[in-house]
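Fold and geometry: a report
Letter by letter, the chains look like this.
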Amino acid sequence: MLTFETVNELTLKVTSTGNDTIFTKAGAFIAGDCGGNTNYRFEKVLLGPQKSLAQAALGSLMRRVTGENIPLMKVTMNGPSETYYAVNAQHVVVYKLEPGETISVESENLLAFTQDCKYSVRFIGVGVLSQKGFATTTLTGSGSEAYVAILTDGNPIALSNVQTHNTISVDPDAVICWMGDGSCDPRITTDVNWKTFIGQASGESYSFEWSGNLPVTVIIQPSERRGGIRIGID
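To keep things clear, this report deals only with the structure shown in the data block. Computed from a prediction, not measured in an experiment: that's the story for all the values here. (Residues numbered from 1 in each chain as written. Predicted model: local features only at pLDDT ≥ 70, side-chain atom pairs only at ≥ 80, totals over all residues. Heavy atoms only, no water.)

Here's the deal with the sheet that holds strand E8 (residues 91-96)
Here six strands make up an open sheet; going across it, the order is E5-E6-E3-E10-E13-E8 and the pairing antiparallel. Two strands bound the open sheet, and with one partner strand each, they are strand E5 (40-44) and E8. Between one strand axis and the next, the sheet turns through 20° on average, direction left out of account. For E5 and strand E6 (residues 72-78), the ladder comprises five bridges, and the chain directions are antiparallel. Paired with Glu43 across the two strands is Lys74, which belongs to E6. (Pairing = 2+ DSSP bridges. Helix = DSSP H or I, 4+ residues; strand = E, 2+ residues; numbered from the N terminus. Axes fitted to C-alpha atoms, helices over the stretch in contact; angles between N-to-C directions.)

Concerning the environment of Ile157
Structurally, Ile157 can be placed in strand E14 (residues 157-160). Judged by relative accessible area, which is 42%, Ile157 ranks as partly exposed. Sequence separation between Ile157 and Ile176 is 19 residues; the distance between their C-alpha atoms is 9.8 Å. Once residues lying within four places of it in the same chain are set aside, the contact partners of Ile157 are Val218, Ile219 and Ile220. (Buried < 20%, exposed > 50% of the residue type's maximum accessible area, 1.4 Å probe, protein only. Contact = heavy atoms within 4.5 Å.)

Notes on the sheet that holds strand E1 (residues 2-7)
With antiparallel pairing, four strands are arranged side by side in an open sheet as E1-E2-E7-E4. Edge positions in the open sheet fall to E1 and strand E4 (29-34), since each of these has one partner strand only. Each strand of the sheet is rotated relative to its neighbour by a mean of 20°, with strand direction disregarded. In this sheet, strand E7 (residues 81-85) lies alongside E4 in antiparallel orientation, the contact comprising five bridges. Considered in E7, the bridge of Phe29 is made with Tyr85.

Brief notes about the side chain of Thr24
Take Thr24: it is sitting in strand E3 (residues 19-25). The residues touching Thr24, leaving out its near neighbours within four places in the chain, are Pro71, Leu72, Met73, Val75, Tyr85, Leu111 and Ala112.

Dropping the structure here:
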């Protein structure tokens, strides 16, 4: 049995009671606790976490081409243990996927996930105007222990229209991930007019939008990625 939980908002605690395997961001391990000799080991993932060699090789190529490349580490537990993971004191959010539920997350914000998450990289094609790229890392629940841990720069905010059916609109440079039944990809909306081209844009010329008929939960962080493409003339 395997569980993910957060400690003091900034650390992921993984509790294993038997033989388990997880994947984490390389170098994220900070501490471990087990009886007797150390019963967990680390191994760099050369291609990808997919079980098929061909799929792993294709996934590795896609990650490099699309900018979703992330150095991964495989952690193998052989007995009861508690291990801890963190990156630069960033906040950690843990989510457990239901079978068939999908989370789309920026690779830089992915801290760890279990084997019960089916991993892939896919094109979304809506990142032209922001730091968010043309592809996203996708994890789909395929078992009873489909845990995902993500990193955010500051305390995250979760927005959901599952019950309200409201329209959700977010800045692409602040979005961390979105989850729902299937990919649930947003559409991009723009507010570009003549003021934009004389340097008088509002500063919010584009956004990601999920309509009310697309049930989704979106997690954003209280900061924006740097270096997005600006539209305007200084």
